[in-house]
Amino acid sequence: MRTYEKVGLIGLGVMGYGMALNLLKAGYTLVACDVNQERIKMLPQQEKVIAAENPAQVLEYTNTVITMLPNSPHVLEVLEGENGLLTGEIPEDLFLIDMSSISPDVTREIGRKLEEKGIKFLDGPVSGGQSGAMNGTLTIMVGGKEEDLQDAMPLFEAVGKNIIHCGQCGAGQVVKVVNQLMSAINLISLSEAFTLGTKAGVSPEIMMNVIKGGSGRCWAVEDRMPHILEGDFEPGFTIDLHTKDVKLAVDMAKNMNLPLYATNLTAELFKTAQVKGYGRKDNCAIIKLYEELGGVEVRK
Ligand code: NAD
């Protein structure tokens, strides 16, 4: 069994920061890297934190690196860009774990390249949001070899609760895209239905309480509706990131020549929310499109 003393973490944003806290809590020394150095300075236990200026520098301290970055281009940049992980001397027994949500095709391509170089690699995108990252209760969808998953288990258990092996390289990303697509479509369904009901004169709070026990219940109603009722659209998970995830689904379907009707409509609605300036708002701000059309606000 592989053991760890120092662990590299690249990307300390909304999710990576919480994961960093839990890796520190589990006793690891963290080799932290983010283009925004302020994120590293915010960490507690600074005596257990080594700030790396770039990805290549992370490898001066550890041969195990987790990435938690926005999208495929960021992961490729960290691997192959200037001072990337693969640009210098590769340490022995290097193990890379990408926990970002990115394209399954790009992930498989990365997996192929790393295997050729003898580098171990897992994809492990997560679900559970900022609170899951802070509380160490993330769901982790793992793609890659079983033996590598066993090696990564101590790290995954430090940041997550449900750790599920989904299949070979890229399978974790496929499951993540499926999950994100469903939650995006559910947000559209919530937005349409609650705008309709509110315009028809019924209290949205009453509708929420009924639907939580009805067949319309879903994460969007249970988790996001309370925020909408309060007019709280601060992220959370942004429209920008969710638009990225829906686009990953659109691209996958295009490559497979698979028509997906609700997916493409959802992609256009999320893009509309971006154009209207809601990109940095929480994904539940998608309801604003319908509120504007209906001339109502779905609030308490
Ligand atoms: P974020 O934008 O808050 O954080 C990304 C971090 O990466 C930032 O701190 C940024 O400075 C850093 N970064 C970007 N490019 C870099 C580079 N080249 N080198 C070093 N650092 C770099 O994003 P997030 O919300 O933490 O999301 C990260 C990933 O997790 C995304 O793929 C997202 O879809 C996924 N995710 C997010 C949530 C959520 O609720 N926020 C939930 C599940 C999954």
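Read on for a plain summary of the structure. (Residues numbered from 1 in each chain as written. Predicted model: local features only at pLDDT ≥ 70, side-chain atom pairs only at ≥ 80, totals over all residues. Heavy atoms only, no water.)

1. Considering helix α10 (residues 219-230)
Rule in force here: A run of DSSP states H or I qualifies as a helix once it reaches four residues; a run of E qualifies as a strand once it reaches two. Both are numbered from the N-terminal end. Any helix carries an expected span of 1.5 Å times its number of residues minus one. Buried, partly exposed and exposed residues are distinguished by accessible area as a fraction of the type maximum, computed with a 1.4 Å probe on protein chains only: under 20%, between the cut-offs, and over 50%, respectively. It is the directions from the helix axis to the C-beta atoms whose arc is reported. A contact between two residues is defined here by any heavy atoms of the two lying within 4.5 Å.
A rise of 1.5 Å per residue sets the reference length of α10, with its 12 residues, at 16 Å; its end C-alpha atoms lie 17 Å apart and thus fit the reference within 8%. Here α10 has its buried residues at A220, V221, R224, M225, I228 and L229. Looking straight down α10, one finds that the buried residues subtend no more than 145° of arc, so they occupy a single side. Looking at the buried residues of α10, the elements they touch are α8 (171-199), α9 (204-211) and α13 (287-294). Looking at the residues trailing α10, positive phi occurs at G231, about 70°.

2. With respect to the pairing of strand β2 (residues 29-33)
For clarity, the threshold we go by: Any two strands are treated as partners once DSSP identifies two or more bridges connecting them. A crossover counts as right-handed when, viewed with the strands pointing away from the observer, the path leading from the first strand over the helix to the second turns clockwise.
Among the five residues that make up β2, five are buried, leaving the element largely enclosed by the rest of the structure. Here β2 shows no split at all, with T29, V31 and C33 on one side and L30 and A32 on the other all buried. The pairing of strand β1 (residues 6-10) with β2 spans five bridges and is parallel. Residue G8 lies in a different strand from β2, and its bridge partner there is V31. Note that the unit made of β1, helix α1 (residues 14-25) and β2 has a crossover that is right-handed. Relative to strand β3 (residues 49-51), β2 runs parallel, the two being bridged by three bridges. Bridging from a neighbouring strand, L30 pairs with V49 of β3.

3. What to know about the site of the ligand
As a reminder, the rule being used: In this text, near means that some heavy atom of the residue lies within 4 Å of the molecule or strand in question. Under the rule applied, a polar contact is a pair of N or O atoms within 3.5 Å (in protein, one hydrogen donor and one hydrogen acceptor; residues adjacent in sequence only if both atoms are side-chain atoms). Accessible areas in this description were obtained via Shrake-Rupley with a 1.4 Å probe; residue shielding takes into account the shown protein chains only.
V14, M15, D34, P70 and K244 are the nearest of the 24 residues found near the ligand. At a separation of 2.6 Å, an oxygen atom of the ligand approaches a polar side-chain atom of D34. Side-chain polar atom of K244 to an oxygen atom of the ligand: 2.8 Å apart, as the coordinates give it. Starting from 830 Å² of accessible surface for the ligand in isolation, the protein chains cover 87%.

4. Brief notes about the nonpolar core
Heads up, the rule is: In this description, a nonpolar core means a group of buried Ala, Val, Leu, Ile, Met, Phe, Trp, Tyr and Cys residues linked to one another through side-chain atoms lying within 4.5 Å.
Counting 36 residues, the largest nonpolar core has L23, L43, I97, M99, I140 and F156 as its most contacted members. Of all elements in the fold, only β1, α1, β2, β5 (95-98), β8 (138-143) and α7 (146-159) reach the threshold of two or more residues within this core. Sequence-distant contacts of I97, defined by excluding residues within four places in its chain, comprise V65, I66, T67, L122, A152, L155 and F156.

5. Quick word on the packing of α8 against α10
Describing two packed helices takes the angle between their axes plus the distance from one axis to the other. In plain terms, the rule: Interaxial angle, 0 to 180 degrees, is taken between N-to-C directions of lines fitted to C-alpha atoms, where a helix line uses only the stretch in contact. Orientation labels follow simple angle bins: below 35 degrees gives roughly parallel, above 145 gives roughly antiparallel, 65 to 115 gives roughly perpendicular, and whatever is left gives oblique. Handedness of a helix crossing follows the sense of rotation of the near helix relative to the far helix, less than a right angle counterclockwise being left-handed and clockwise being right-handed. Ten residues, namely Ala, Val, Leu, Ile, Met, Phe, Trp, Tyr, Cys and Pro, are considered nonpolar, four, namely Asp, Glu, Lys and Arg, are considered charged, and the remaining ones, Gly among them, are considered polar.
For the pair α8 and α10, the least separation of the axes is 10 Å and the interaxial angle reads 55°. Taken together, the axes of α8 and α10 lie oblique to each other. Between α8 and α10 the crossing geometry is right-handed. In contact with S183, N186, L187, L190 and F194 of α8, α10 contributes W219, A220, V221, R224, M225 and I228. Of the residues in the contact of α8 with α10, the class split is eight nonpolar, two polar and one charged.

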